[in-house]
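Structural description and commentary
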Amino acid sequence: MTTPPPGLRERKKQATREALREAALRLAVERGPDQVRVEDIAEAAGVSPRTYNNYFASREQAIVSAVTADREARIAAAVMARPPGVRLADAVTEAVVEQYTDTGECEREALLLITTRTALRAAFLDTTADIEPPLTKVIAERLGDAGAPTARVLAASVAAAVRIALEGWIRPTGNTGAVGSCGAAGLVVPSGSLPDQLRAALAPLAPALDAAERRTQP
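Read on for a plain summary of the structure. In this text the structure is predicted, and so the values were computed from the model without any measurement.

**Points about unusual backbone geometry**
- In the Ramachandran plot, Asp70 falls in the positive-phi region, its phi being about 65° despite a non-glycine side chain.
- Mapped onto the elements of the fold, Asp70 is located in the loop between α4 (59-68) and α5 (71-81).
- On the accessibility criterion, Asp70 (34% relative accessible area) is partly exposed.

Here you go:
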């Protein structure tokens, strides 16, 4: 699957989006998320609040976007990059684990910030739905059956599984139901590492992915 390079208009939009999410995260770290207004983010990024609303529906979306930016596209690209001989279930699982765990120090610090606020945690979990559209295209191309709903069902199931894994992994401090270690700023890992949580959540989808793949084989 090849994607044409973005035009000037699209590059400007991407630059504006990046400026907004970087400003949102910086201000949230400096002042605390509750002390940041949409107007503050827009001013720091050099745009109007009206322009801000064209990109993000809330300050929480902008802050979270600084951590999750383009992750759904990277997951889809990673699946597509796997050799044809690699099992689809393995390709999807490895792509998800790779993109959710290969983070830099700045992203890890931001994630700790996100876990301390209910609204930010909710916005972070909501981003898993963004996995569905690009992954649908990749699975459809891999299966060679773009017109069938199979690819969309599978992609939506992957997105739901990722959300379930993250819900189990990120919990606020004081959750009496959590079992395991509590890290800084309220990050709780109830059982095992994030890769383990993701693999466990995605494992039940393997038979469906295998069955879809078998139907396309001669």
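From this point, the narrative continues.
**Some thoughts on the side chain of Asp210**
- Relative to the helices and strands, Asp210 resides in helix α12 (residues 206-216).
- Excluding residues that lie within four positions of it along the chain, Asp210 makes contacts with Arg87 and Ala89.

**Examining helix α1 (residues 8-31)**
- Along its 24 residues, α1 runs 34 Å from first to last C-alpha, staying within 8% of the 34 Å computed at 1.5 Å per residue.
- Phi for Gly32, located one or two positions after α1, is positive at around 95°.

**Re the packing of α1 against helix α2 (residues 38-45)**
- One way to put it is that α1 packs onto α2 with a least axis distance of 8 Å and a crossing angle of 120°. Judged by the angle between their axes, α1 and α2 are oblique. Taken as a pair, α1 and α2 cross one another with a handedness that is right-handed. Between α1, through Ala19, Leu20, Ala23, Ala24, Arg26, Leu27 and Arg31, and α2, the contact on the second element is made entirely by Asp40, Ile41, Ala42, Ala44 and Ala45.
- Here the contact of α1 with α2 is composed, by residue class, of 9 nonpolar, no polar and 3 charged.

**As for the nonpolar core**
- Among the nonpolar cores identified, the biggest contains 61 residues, and Val96 and Tyr100 are the most heavily contacted of them.
- Among the elements that make up this core, the one with the highest residue count is helix α10 (residues 150-169) (10 residues).
- Setting aside residues no more than four positions away along its own chain, Val96 makes contact with Ile75, Val158, Val162, Leu198 and Leu202.

**Topic: α4**
- Burial analysis of α4 places 7 of its 10 residues in the buried class, the great majority of the element.
- Listing the buried residues of α4 in full gives Glu60, Ala62, Ile63, Val64, Ser65, Val67 and Thr68.
- A side-chain oxygen of the first residue of α4 lies 3.4 Å from the backbone nitrogen of Glu60; this N-cap is Ser58.

**Focus: the pattern of salt bridges**
- For the coordinates displayed, the defined rule picks out 15 salt bridges.
- The partner of Arg142 in a salt bridge is Glu213, and the shortest N-O contact between them spans 3.3 Å. Placement of the pair is Arg142 in helix α9 (residues 132-143) and Glu213 in helix α12, with a sequence separation of 71 residues.
- In this structure Arg142 comes out as partly exposed when scored by relative accessible area, which is 22%.
- Since its relative accessible area comes to 13%, Glu213 is described here as buried.
- What emerges from the salt-bridge pattern is a single network uniting Asp34, Arg59, Glu60 and Arg117.

Definitions and cut-offs
- Residues numbered from 1 in each chain as written.
- Predicted model: local features only at pLDDT ≥ 70, side-chain atom pairs only at ≥ 80, totals over all residues.
- Heavy atoms only, no water.
- Helix = DSSP H or I, 4+ residues; strand = E, 2+ residues; numbered from the N terminus.
- Buried < 20%, exposed > 50% of the residue type's maximum accessible area, 1.4 Å probe, protein only.
- Contact = heavy atoms within 4.5 Å.
- Expected span 1.5 Å × (residues − 1).
- Axes fitted to C-alpha atoms, helices over the stretch in contact; angles between N-to-C directions.
- Parallel < 35°, antiparallel > 145°, perpendicular 65-115°, else oblique.
- Left-handed = near helix turned anticlockwise from the far one by under 90°.
- Nonpolar A, V, L, I, M, F, W, Y, C, P; charged D, E, K, R; others polar.
- Core = buried A, V, L, I, M, F, W, Y, C linked by side-chain atoms within 4.5 Å.
- Polar contact = N/O pair within 3.5 Å; in protein donor to acceptor, adjacent residues only side chain to side chain.
- Salt bridge = Lys/Arg side-chain N within 4 Å of Asp/Glu carboxyl O.

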